[in-house]
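Report on the structure
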Amino acid sequence: MNHLYFDLPKFKDKKNVEIEVEKIHKLSKKINRKVCIMEVCGTHTMQIAKYGIRKMMPENVKLISGPGCPVCVTPQEYIDKAIYILKNYDVIITTFGDLYRVVGTESSLEKERINGKDVRIVYSPYESLDIAKSVNKPVVFLSIGFETTMPAVACTIKEAKRSNINNLYFFIGNKFFLPALETLILFNRNFLSPFIKTEMFIDGFLLPGHLSVIVGEESYLWVAERYGLSGVITGFEPLDIVRGIRMLLETFVDSQPRIQNEYVRVVSYEGNKFAKKVISEVFEPTGGSWRGLGFIDESTAKLKKEYEMFDAEKVFNIPNITINLSNTKCKCNEVLIGKITPFECPLFEKVCTPENPVGACMVSSEGACAAYYKYERCYLR
Amino acid sequence: MKEKILLSYGSGGKHTLEFINNFVLKYFSNEVLNQLLDSAVVKISDETKLAFTVDSYTVSPIFFPGGDIGKLSICGTINDLLCVGALPLFISLSLIIEEGLEVEVIEKIFSSIKEIAYSENIKIVTGDTKVVQKGMCDKIFITTAGIGIVDNNIDLNYDKIKPGDVVIITGSIAEHGCAVLLARGGYGFKSDIQSDCASLKGLIEAILKPEIVPYIKFMRDPTRGGISAVLNEIVNKSNVSIEIEEEKIPIKDNVKYFCELLGFDPLNIANEGKMLIIVSSSIAEEVIKILKQHHLGKDAAIIGRIIKDDEPKVILKTLFGTKRIVELPIAEELPRIC
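This is a predicted model, so every value here is computed, not measured. (Residues numbered from 1 in each chain as written. Chains lettered and ligands numbered in written order. Predicted model: local features only at pLDDT ≥ 70, side-chain atom pairs only at ≥ 80, totals over all residues. Heavy atoms only, no water.)

**Structural notes on the environment of Gln 47 of chain A**
Residues and elements named next belong to chain A. This is how the line gets drawn: A run of H or I in DSSP becomes a helix once it reaches four residues, and a run of E becomes a strand once it reaches two; helices and strands are each numbered from the N terminus. Only protein chains enter the calculation, and the probe is 1.4 Å; a residue is then buried if its accessible area is under 20% of its type maximum, exposed if over 50%, and partly exposed in between.
Within the fold, Gln 47 resides in helix α3 (residues 42-50). Residue Gln 47 is classed as buried on the basis of its relative accessible area of 12%. Counting along the chain gives 191 residues from Gln 47 to Pro 238, while the straight-line C-alpha distance between them is 7.4 Å.

Written out as structure tokens, the structure is:
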């Protein structure tokens, strides 16, 4: 790993970035029309806002944000159910920091901790295992995240089974990203779209770097083959992002939709075989709902039969919670699929802020609204 | 549900500010407190003013690379007095100790207090000791109050800050916060990051010279909430905007990469041995020259300037020349999932 660490300055180097931005400007003139590029990873959203990359772009190249934040797309019911477990059973909840302040219908994990409930932030699912070993009560890990985090959860579950841990449970909210990407494309194609839209408005994707380490370049080939759209697997440093955009523009110029890999230093063609194998050993896909995108077949992870004893939903008696969002003016649905920018939502900054979020995109630090609020408000209006 | 105190009320960010405005000022508002400076400044004679400050220290763990709770409490109190241009003189030491703590721990803490008090020529003149039952506090909490005197010619305040002034930081940022987080463990990796915990008395005295004093507008040690919190407080109180430049902000590589790995913004992370100084542009280079001569100021740099703006905000010019907002941190930073 050492060479990556020491190479990093190159990827933040002003000159290197400027050279790519210049190429982008030249290419944009050749394209001669407005193009929309969607980043589908929350970390890209944050980095684009943080480094001001949107403002480096030519007039006709628009960067929009997609549904790539695992916290944002986790339905509100999930938080409510986690809080239900916490309130009705004597348990320890372990969670990633991202979920800690996310507001459910009435409460958040943070508020419950203040009321004396035991909520602990962990950096890795593995820590839950150590906690379970050291206490005599149930420990419930709130497992959310895409293919990126699933291998670590799967390994933890396998280890729990191997070492006969019987007080550790997993509340599975993990999602498979690729089916959602297809749903998003279909939305845009107007097959399923609730919006009146006559043409495709996304021209290409910056594909997620971390997730691609697991799934590999080969997992996206269908995007170009089936839908004629380009995608570039892109890293997270400023140079990565502008280079990814430049590579995308090249495919618009030569009208040859294709999938490319900018992040070759860590992403391979076939991905991480071990990680993919361990995911398929422990999880299987089932239908599930996403904030913003609705119900998507084969998009949500559930534990396979042989690991069911670790499934919090099977062990705890959790009522079915459904949330009616039809009355809200929140435009998260449209933000998540790139139909509007956060600034175009009537609630943005006025009613909906990171402290009092109304919708999904403002709750997580990597949500599109949170990123625009944190770094870009006052600038893009 | 009844409103309850959140951990973030003590984070030094937006919630702390709201707590002060909604509760502290609601009950105790007066002309000295309302200034909300790091030390209260009260006139006692025609020649001098009294500076008075108090701070509690609850850091966990109590020993961390680069310092401990004892050194931290004395340095923090000295630095708070320096913020208003005071000469720090006396400090009180009040201890809340958890029953069962090894005496050896207290002796280690006292030795480091003694060392720093001696080297900075400060006297510990009064104190108090309470011991509470196991579990009622985390090992030891320390409260220190400090008294200093301020020359009548020195008047540092928010309203002195004007467009055109420049912002100086006396050294590299975010080291204390990162060192303490690392010392808490649980990350599965090690680092050589040290807390910057230090008394800035020598450094600040060097610039409080009669020919420079009239040009110093404001000083603040960017502790909890980091430089983001201090800069945002300044723009809110002074009705100006501040533009800082990313490439000019000194930060060590190990701190930069640690923050990047965990998704922290170093601008929001605590410092305990740095001062943010706002001066007239005419004197800025001279101040930098003096600071650089001191070992605690060798990385001092001009990081930005005050600008006129209808909507006060802190702006960061990124490495690539684009601009973005620097927000007042809402609460303490939490590590991200990916």
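**Some words on the sheet that holds strand β6 (residues 168-172) of chain A**
Residues and elements named next belong to chain A. Using the following cut-off: One requirement defines pairing of two strands: DSSP has to find at least two bridges between them. Here the axes come from fitting lines to C-alpha atoms, over the contacting stretch only for helices, and the angles between their N-to-C directions go from 0 to 180 degrees. Throughout, a residue-residue contact means that at least one pair of heavy atoms, one from each residue, lies within 4.5 Å.
Sheet architecture is open: 4 strands sit in the order β4-β3-β5-β6, paired in parallel fashion. Only two strands of the sheet have a single neighbouring strand rather than two, namely β4 (118-121) and β6. Taking each pair of neighbouring strands and ignoring which way they run, the sheet shows an average axis angle of 25°. Looking at chain direction, strand β5 (residues 139-143) and β6 are connected through 5 bridges and run parallel. Looking across to β6, one finds that Ser 143 is bridged to Ile 172. This element, helix α5 (residues 76-88), spans β3 (92-95), β4, β5 and β6 of the sheet and lies at about 155° to β6. Those strands touched by helix α8 (residues 126-134) are β3, β4, β5 and β6, and its axis lies near 170° from that of β5.

**Describing the sheet that holds strand β1 (residues 35-39) of chain A**
Strand pairing in a sheet relies on backbone hydrogen bonds. The paired strands run either parallel or antiparallel. All names here are of chain A. The strand order across the open sheet built from 5 strands is β2-β1-β7-β8-β9, with neighbouring strands paired in parallel fashion. Unpaired on one side and paired on the other, β2 (61-65) and β9 (259-261) mark the two borders of the sheet. Across the sheet, the mean angle separating the axes of adjacent strands is 20° when strand polarity is ignored.

**Overview of the environment of Asp 151 of chain B**
All names here are of chain B. Using the following cut-off: Distance and chemistry together define a polar contact, namely a pair of N or O atoms within 3.5 Å, with one atom able to donate a hydrogen and the other to accept it when in protein, and with adjacent residues in sequence counting only for side-chain atoms on both sides.
Counting through the fold element by element, Asp 151 comes out in strand β7 (residues 140-151). By relative accessible area, Asp 151 is classed as partly exposed at 38%. For the pair formed by Asp 151 and Gly 76, sequence separation is 75 residues and the distance between their alpha carbons is 21 Å. Side-chain polar atoms of Asp 151 contact the backbone nitrogen of Asn 153, separated by 2.8 Å.

**Details of the pattern of salt bridges**
The condition that has to hold: Salt-bridge detection follows one rule: a side-chain nitrogen of Lys or Arg within 4 Å of a carboxyl oxygen of Asp or Glu.
For the structure on display, the rule yields 42 salt bridges over all chains. Taking the shortest distance from any N to any O, the salt bridge between Arg 54 of chain A and Glu 376 of chain A comes out at 2.9 Å. Pair noted here: Arg 54 of chain A is in the loop between α3 and β2 and Glu 376 of chain A is in helix α18 (residues 368-376), with a separation of 322 residues, a long-range link. The residue Glu 245 of chain B makes a salt bridge to Lys 248 of chain B at a minimum N-O spacing of 3.4 Å. Through salt bridges with shared partners, a single network forms among Glu 20, Lys 23, Arg 246 and Glu 250 of chain A.

**A few points about the interface of chain B and chain A**
Just so we agree on the cut-off: Defined in terms of a 1.4 Å probe, buried area is the accessible area two parts forfeit on being brought together, summed over both.
Contacts between the two partners involve 35 residues from chain B, matched on the other side by 43 residues from chain A. Counting the surface lost from both chain B and chain A, the interface buries some 3600 Å², and carbon and sulfur atoms represent 60% of this. Taken together, the connections running from chain B to chain A amount to 3 salt bridges. Among the ionic pairs, Lys 12 of chain A bridges to Glu 260 of chain B, the shortest N-O distance being 2.8 Å.

**What to know about the packing of helix α9 (residues 150-162) of chain A against helix α14 (residues 273-282) of chain A**
All names here are of chain A. The criterion, for reference: Convention used here: angles under 35 degrees read as roughly parallel, angles over 145 as roughly antiparallel, angles from 65 to 115 as roughly perpendicular, and any remaining angle as oblique. Working rule for handedness: look at the near helix, and if it is turned counterclockwise from the far one by less than a right angle, call the crossing left-handed; if clockwise, right-handed. Three residue categories are used. Nonpolar comprises Ala, Val, Leu, Ile, Met, Phe, Trp, Tyr, Cys and Pro, charged comprises Asp, Glu, Lys and Arg, and polar comprises the others, including Gly.
As a packed pair, α9 and α14 sit with axes 9 Å apart at the nearest point and diverge in direction by 55°. The angle between α9 and α14 falls in the class oblique. Along this stretch, α9 crosses α14, giving a crossing that reads as left-handed. Residues Met 150, Pro 151, Ala 154, Cys 155, Ile 157 and Lys 158 of α9 pack against Phe 274, Ala 275, Val 278, Ile 279, Glu 281 and Val 282 of α14. Within the contact of α9 with α14, the residues separate by chemical class into 10 nonpolar, no polar and 2 charged.

**Structural notes on the domain arrangement of chain B**
All names here are of chain B. Threshold: Domain segmentation is taken from an automatic or database assignment of domains.
What the domain assignment reports for chain B is domain 1 (37-150) and domain 2 (158-325). Measuring from the centre of the C-alpha atoms in domain 1 to the corresponding centre in domain 2 gives 23 Å. Each side of the interface is counted separately: domain 1 has 23 residues, and domain 2 has 24 residues. Between domain 1 and domain 2, a total of about 1900 Å² is buried, with carbon and sulfur atoms accounting for 62% of that surface. On the domain 1 side of the contact with domain 2, Pro 65, Asn 79 and Leu 82 bury the most area, a combined 26% of that side's loss. Counting every contact that joins domain 1 to domain 2 gives 1 salt bridge. Linking domain 1 with domain 2 are 9 residue pairs in polar contact (both at pLDDT 80 or more), by the criterion used here. Broken down by secondary-structure element, the contributors of at least two residues to the side of domain 1 that touches domain 2 are α2 (69-83) and β5 (87-98).

**Focus: the confidence of the model for chain B**
One rule of thumb: low pLDDT means the predicted coordinates there are not for detailed reading. The line we're drawing: On a scale of 0 to 100, pLDDT captures the predictor's confidence in every residue.
Scored by pLDDT, chain B has a mean of 93; 98% of the residues are at 70 or more. Overall fold confidence for the complex sits at a pTM of 0.85, while the interface term, ipTM, reaches 0.77.

**Focus on the pairing of strand β9 (residues 216-220) of chain B**
All names here are of chain B. β9 sits mainly inside the fold: 5 of its 5 residues count as buried. Relative to strand β11 (residues 276-279), β9 runs antiparallel, the two sharing 4 bridges. Pairing of Ile 216 across the sheet is with Val 279, part of β11.

**Some words on the domain arrangement of chain A**
For interface size, the figure often reported is the accessible area lost on association. Residue and element names in this part refer to chain A. What the domain assignment lists for chain A is domain 1 (72-176 + 271-320) and domain 2 (327-373). Placing the centre of domain 1 and that of domain 2 at their C-alpha centroids yields a distance of 25 Å. With 7 residues of domain 1 at the interface, the matching set in domain 2 holds 10 residues. Counting across the domain 1 and domain 2 interface gives 0 salt bridges. Between domain 1 and domain 2 we count 0 residue pairs in polar contact (both at pLDDT 80 or more) in total. By residue class, the composition of the side of domain 1 that touches domain 2 is 5 nonpolar, 1 polar and 1 charged.

**Here's the deal with the nonpolar core**
For clarity, the threshold we go by: Throughout, nonpolar core names a set of buried Ala, Val, Leu, Ile, Met, Phe, Trp, Tyr and Cys residues whose side chains join them through atoms within 4.5 Å.
Among the nonpolar cores identified, the biggest contains 107 residues, and Val 140, Leu 181, Phe 205, Tyr 220 and Phe 283 of chain A are the most heavily contacted of them. Split by domain, the residues of this core number at least three in each of domain 1 (72-176 + 271-320) and domain 2 (327-373) of chain A. Ile 74, Ala 86, Ile 122 and Leu 200 of chain B belong to the second largest nonpolar core, which has 54 residues in total.

**As for α2 of chain B**
Residue and element names in this part refer to chain B. Selection rule: The span one expects for a helix is its residue count, reduced by one, times 1.5 Å.
Between the first and last C-alpha of α2 there are 21 Å, a value that for 15 residues agrees with the 21 Å anticipated at 1.5 Å per step. With 14 of 15 residues buried, α2 lies mostly within the body of the structure. Once α2 finishes, Gly 85 follows within two positions and takes phi at roughly 80°, a positive value.

**Quick notes on a nonpolar patch on the surface**
Keep this limit in mind: Surface patches are drawn from residues lacking salt bridges whose relative accessible area is over 30%; two like charges belong together within 9 Å, two nonpolar side chains (Val, Leu, Ile, Met, Phe, Trp, Tyr) within 5 Å. Only the protein chains shown count as covering a residue, and every accessible area follows the Shrake-Rupley method with a 1.4 Å probe.
A surface patch of nonpolar side chains, amounting to about 340 Å² of accessible area, comprises Phe 52, Phe 90, Val 125 and Ile 147 of chain B. By the secondary structure assignment, Ile 147 of chain B is in strand β7.

**Observations concerning helix α6 (residues 226-238) of chain B**
Because each turn of an α-helix spans 3.6 residues, side chains separated by three or four positions in sequence point in the same direction. Residue and element names in this part refer to chain B. Helix length check: α6, at 13 residues, gives a terminal C-alpha distance of 19 Å against a target of 18 Å (1.5 Å per residue), a fit within 8%. Within α6, 11 of the 13 residues are buried, which leaves the element mostly enclosed by the surrounding structure. Of the residues making up α6, those classed as buried are Gly 226, Ile 227, Ser 228, Ala 229, Val 230, Leu 231, Asn 232, Glu 233, Ile 234, Val 235 and Ser 238. Looking at the residues trailing α6, positive phi occurs at Asn 239, about 60°.

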